[in-house]
Amino acid sequence: MFDTVLPFHMVSDPNGTVQHAGPSLLKLFSNRQVIGADVFDLFKVRRPAGICDVSGLLDAEGERLTLSVPDLGRAKLKAVAVGLGQGALLIDLSLGAGVLDIVSRCNLTNKDFSPADPTLDMIYMMEVQSFVYQQHKAQSQKLQGARVLAEEEASTDALTGLANRRALESHMTRLLRRKKGKGFVLMQIDLDHFKAVNDTYGHAAGDMVLQATADKLRKRMRATDLVARLGGDEFVIIMTECETVETVRSIAGRVIDDLKQPVRFEGVTCRVGASVGATVVPAGSRRTAGDILATADQALYTSKGRGRGMVHVQ
């Protein structure tokens, strides 16, 4: 009868030796002989404190006990002890708050609980709650991923993978708002003879040249610099911590040399050059992003007017 209504019970003699144990309790100790074991080798009474023998359990008859189980990583169980006469003792256990962990570790099923045990309802509710939480977490991660992807796509040039005009303007706005640090340089680059590549070899060759240009600029610049494509064959570089005209000209010269290198496309050699216009923006400048871009564009126009393959800082 006890095995049916109290599957997590045990009966001990006056010496604390286990005489009988319910089928579910036996599953908690799958690697240990329970019958004949000492109750206090199987469990440690945590509350009320100080109970270490059968007489102590009898003195606490009917009270709510808290036990720990060394075999289950000191899992906490609830229990009640009742005397059966002549010193015999019945202890009934409840799995408490750690029920899901114990159910998993001991492979317990619905049949291991009394049909009237509310623990089954608690397990069901906890599993439902866990399922809902995992679904909510997965959906939130999916939405977050989609949002990040959408933001990246909205600020990235599809052909080259560089920043686009929107990302460039946002970056400039942040730089102009900061109150500490040095100024920055905006360098506008226009490919020379790019139209000839498109006209001679087709737009696929032109796209290859643009992608190769993007790769060269990425390799030349630091991780802290921003490289963007405004459209067509126009590129922009923003360099922080760079304020001297001499440094700008030196970097621009190396960029021009990089972009002179030929690009191979389907057996043909595509050659372009580059002209550069730059403007230095000192720290604390009150210039707007539009004014800075316009100044760099005017500098680029001057550079092209001087014969292409040149750099002009304005």
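Since the model is a prediction, treat every value here as computed from it, not as a measurement. (Residues numbered from 1 in each chain as written. Predicted model: local features only at pLDDT ≥ 70, side-chain atom pairs only at ≥ 80, totals over all residues. Heavy atoms only, no water.)

Engineer: Any chance you could explain the layout of surface pockets here in plain terms?
Structural biologist: Over the atoms rolls a probe the size of a water molecule, and in doing so it shows where empty space is left. For the largest pocket, the calculated volume is near 150 Å³. For the largest pocket, the lining is made up of 13 residues, of which Leu6, Asp92, Leu93, Ser94 and Asp117 are closest to its centre. The set of elements that each furnish at least two residues to the lining of the largest pocket consists of strand S5 (75-85) and strand S6 (88-94). Along the lines of polarity and charge, the residues of the lining of the largest pocket split into 7 nonpolar, 3 polar and 3 charged. (1 Å grid on protein atoms, 1.4 Å probe; cavity = no way out; pocket = protein on both sides within 12 Å on 5 of 7 lines; lining within 4 Å. Points joined across faces, edges and corners; volume = space filled by probe spheres on them. Helix = DSSP H or I, 4+ residues; strand = E, 2+ residues; numbered from the N terminus. Nonpolar A, V, L, I, M, F, W, Y, C, P; charged D, E, K, R; others polar.)

Engineer: Could you clarify how one ought to interpret a nonpolar patch on the surface in this entry?
Structural biologist: Together, Met1, Phe2 and Val5 line one region of the surface with nonpolar side chains, adding up to about 320 Å² of accessible area. When you line up the elements, Val5 lands in helix H1 (residues 2-5). (Patch = residues over 30% accessible without salt bridge, like charges linked within 9 Å, V, L, I, M, F, W, Y side chains within 5 Å. Areas by Shrake-Rupley, 256 points an atom, 1.4 Å probe, with all protein chains shown as cover. Salt bridge = Lys/Arg side-chain N within 4 Å of Asp/Glu carboxyl O.)

Engineer: Help me understand the pairing of strand S2 (residues 18-21) in this model?
Structural biologist: Strand residues, when the strand is regular, have side chains that alternate between the two faces of the sheet. Here strand S1 (residues 9-12) runs beside S2; their pairing, made up of 3 bridges, is antiparallel. Each bridged residue has a counterpart across the sheet, and for Ser12 the counterpart in S2 is Val18. Taking the residues that link successive antiparallel strands as the turn, the S1-S2 hairpin has 5 residues, and the phi of Gly16 there is positive, at about 85 degrees. (Pairing = 2+ DSSP bridges.)

Engineer: It is not clear to me how the environment of Ala21 should be interpreted in this structure. Could you clarify?
Structural biologist: You can see Ala21 is positioned in strand S2. A C-alpha to C-alpha distance of 5.8 Å links Ala21 and His9, two positions 12 residues apart in sequence. Every residue in contact with Ala21, bar those within four places of it in the chain, is listed here: Asp3, His9, Met10, Leu26, Val34 and Ile35. (Contact = heavy atoms within 4.5 Å.)

Engineer: Explain helix H8 (residues 194-201) to me, please; I cannot follow it from the model alone.
Structural biologist: If you check which residues of H8 are buried, you get Phe194, Val197 and Asn198. Viewed along the axis of H8, the buried residues span an arc of 95 degrees, placing them on a single side of the element. Opposite its buried face, H8 presents the exposed residues Lys195, Asp199 and Thr200, each directed more than 90 degrees away. On the buried face of H8, the contacting elements are strand S7 (184-192), helix H9 (203-220) and strand S11 (268-270). Just downstream of H8, Gly202 is the residue with a positive phi angle, here 100 degrees. (Buried < 20%, exposed > 50% of the residue type's maximum accessible area, 1.4 Å probe, protein only. Arc of directions from axis to C-beta.)

Engineer: Explain the sheet that holds S7 here, please?
Structural biologist: Strands in a sheet are paired, the pairing made by backbone hydrogen bonds, and the direction either parallel or antiparallel. The strand order S8-S9-S7-S12-S13 describes an open sheet built from 5 strands, whose pairing is mixed. Only two strands of the sheet have a single partner each, and these edge strands are strand S8 (226-231) and strand S13 (311-313). Ignoring which end each strand starts from, the neighbouring axes of this sheet average 20 degrees apart. The pairing of strand S12 (residues 273-281) with S13 spans 3 bridges and is parallel. Among the inter-strand pairings, Gly277 is bridged to a residue of S13, identified as His312. Contacts from helix H7 (residues 165-177) reach S7, S8, strand S9 (234-240) and S12, with the element oriented near 135 degrees to S8. (Axes fitted to C-alpha atoms, helices over the stretch in contact; angles between N-to-C directions.)

Engineer: Explain the side chain of Asp192 here, please?
Structural biologist: One can find Asp192 in strand S7. A relative accessible area of 2% places Asp192 in the buried class. A distance of 3.4 Å separates a polar side-chain atom of Asp192 from the backbone nitrogen of Ala274. Within polar-contact distance, the side chain of Asp192 engages the backbone nitrogen of Gly309 at 3.1 Å. (Polar contact = N/O pair within 3.5 Å; in protein donor to acceptor, adjacent residues only side chain to side chain.)

Engineer: Help me understand the pairing of strand S4 (residues 65-69), please; the structure alone is not making it clear to me.
Structural biologist: Most of S4 sits inside the fold, with 5 of its 5 residues counted as buried. Because side chains alternate across S4, one face comprises the buried residues Leu65, Leu67 and Val69, and the other comprises Thr66 and Ser68, equally buried. Bridging between strand S3 (residues 44-47) and S4 involves 3 bridges; their strand directions are antiparallel. Residue pairing for S4: Val45 is matched across the bridge by Leu67.

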